[in-house]
Amino acid sequence: MTREVIQTDRAPSAIGPYSQAVRAGDTVYLSGQIPLEPESMDLVRGDIRAQVEQVFANLEAVCDAAGAGLADIVKLNIYLTDLGNFGLVNEMMEERFNEPYPARAALGVASLPKGAGVEMDAVLVRTRG
């Protein structure tokens, strides 16, 4: 099976030796996104809500570059430095996803790159294009 790298300037560039996403067949594996603004590569200003908003925007940009959308995500992994934000993330997911919701894991972690409070990675199955 061939692999294709997915890249967009509408999401932060990789801050290490990895790709934003890789397509293998109809499956696309999205690397973790933290709340970096793509233009500046700085953490978004604001509270955890602003950080989660930016992460979803970054994931959506990578999905779009893969010819898909958030609705095509079948598995979502969420990493939080404060599990007290779990309810907020659930609320924000309900604003972006419809049933059937993607499978999901939410993990509490000690720290994330660049001091972020949230990171998400995903797997999607491209159903259009």
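Small disclaimer: the values here were computed from a predicted structure and weren't measured.

Participant: How do you make sense of the nonpolar core when you look at a structure like this?
Facilitator: Across soluble globular proteins, you tend to see nonpolar side chains buried next to one another. One finds Leu-30, Val-52, Ile-73, Leu-76, Ile-78, Val-118 and Met-120 to be the most contacted residues of the largest nonpolar core, which totals 29 residues. Beyond its immediate sequence surroundings of up to four residues, Ile-78 is in contact with Val-89, Met-93, Arg-104, Ala-105, Ala-106, Leu-107, Val-118, Glu-119 and Met-120. Counting five residues, the second-largest nonpolar core is a separate cluster that includes Ile-34, Leu-36, Leu-112 and Ala-116.

Participant: It is not clear to me how the environment of Phe-97 should be interpreted in this structure. Could you clarify?
Facilitator: Following the sequence through the fold, Phe-97 ends up in the loop between α2 (86-96) and β5 (103-108). Remark: the alpha-carbon pair of Phe-97 and Ile-73, spanning 24 residues in sequence, is separated by 9.3 Å.

Participant: For this particular structure, what's the right way to read α2?
Facilitator: Quick reminder: α-helices carry 3.6 residues per turn. Residues three or four places apart thus point the same way. Within α2 the residues assigned to the buried category are Leu-88, Val-89, Met-92 and Met-93. Taken around the axis of α2, the buried residues stretch over an arc of 140 degrees, which confines them to a single face. On its buried side, α2 packs onto α1 (48-65), β4 (73-80) and β5.

Participant: So what exactly am I meant to see when it comes to the pairing of β5 here?
Facilitator: Regular strands place side chains that alternate from one sheet face to the opposite one. Of the strand pairs in this sheet, β4 and β5 are connected by six bridges, and their pairing is parallel. Opposite Leu-80, over in β5, you have Gly-108 as the bridge partner. Taken together, β4, α2 and β5 form a β-α-β motif whose crossover is right-handed.

Participant: Explanation requested: unusual backbone geometry in the structure shown.
Facilitator: Apart from glycine, the bulk of residues carry a negative phi angle, and the bulk of peptide bonds sit in the trans form. For the bond from Glu-99 to Pro-100, the omega torsion is 0 degrees, close enough to zero to count as cis. For Met-41, which is not glycine, the phi torsion reads 65 degrees and is therefore positive. Position of Met-41 relative to the elements: it lies in the loop between β3 (27-33) and α1. Of note, the phi angle at Lys-114 is positive, near 60 degrees, even though the residue is not glycine.

Participant: In this structure, what is going on with the pattern of salt bridges? I would like to understand it.
Facilitator: Pairing between side chains of opposite charge can happen when the charged atoms of each approach one another. Considering all chains together, one arrives at four salt bridges under this definition. Put simply, Arg-23 and Glu-4 hold a salt bridge, and the shortest N to O gap is 2.6 Å. Of this pair, Arg-23 sits in strand β2 (residues 21-24) while Glu-4 sits in strand β1 (residues 3-6), and the two are 19 residues apart along the sequence. One connected set of salt bridges, linked through shared partners, spans Glu-53, Glu-95 and Arg-96.

Participant: Even after reading the chapter, I still don't get the sheet that holds β5, so can you show me in this structure?
Facilitator: In space, the six strands of this open sheet follow the order β1-β2-β3-β6-β4-β5, with mixed pairing throughout. At either end of the open sheet lies a strand with only one pairing partner, and these are β1 and β5. Geometrically, the sheet is characterised by an average inter-axis angle of 15 degrees between neighbouring strands, direction not taken into account. Across the sheet, α1 is in contact with β1, β2, β3, β4 and β6 (118-125); its angle to β6 comes to roughly 25 degrees.

Conventions and cut-offs
- Residues numbered from 1 in each chain as written.
- Predicted model: local features only at pLDDT ≥ 70, side-chain atom pairs only at ≥ 80, totals over all residues.
- Heavy atoms only, no water.
- Core = buried A, V, L, I, M, F, W, Y, C linked by side-chain atoms within 4.5 Å.
- Buried < 20%, exposed > 50% of the residue type's maximum accessible area, 1.4 Å probe, protein only.
- Contact = heavy atoms within 4.5 Å.
- Helix = DSSP H or I, 4+ residues; strand = E, 2+ residues; numbered from the N terminus.
- Arc of directions from axis to C-beta.
- Pairing = 2+ DSSP bridges.
- Right-handed = clockwise from strand over helix to strand, strands pointing away.
- Salt bridge = Lys/Arg side-chain N within 4 Å of Asp/Glu carboxyl O.
- Axes fitted to C-alpha atoms, helices over the stretch in contact; angles between N-to-C directions.

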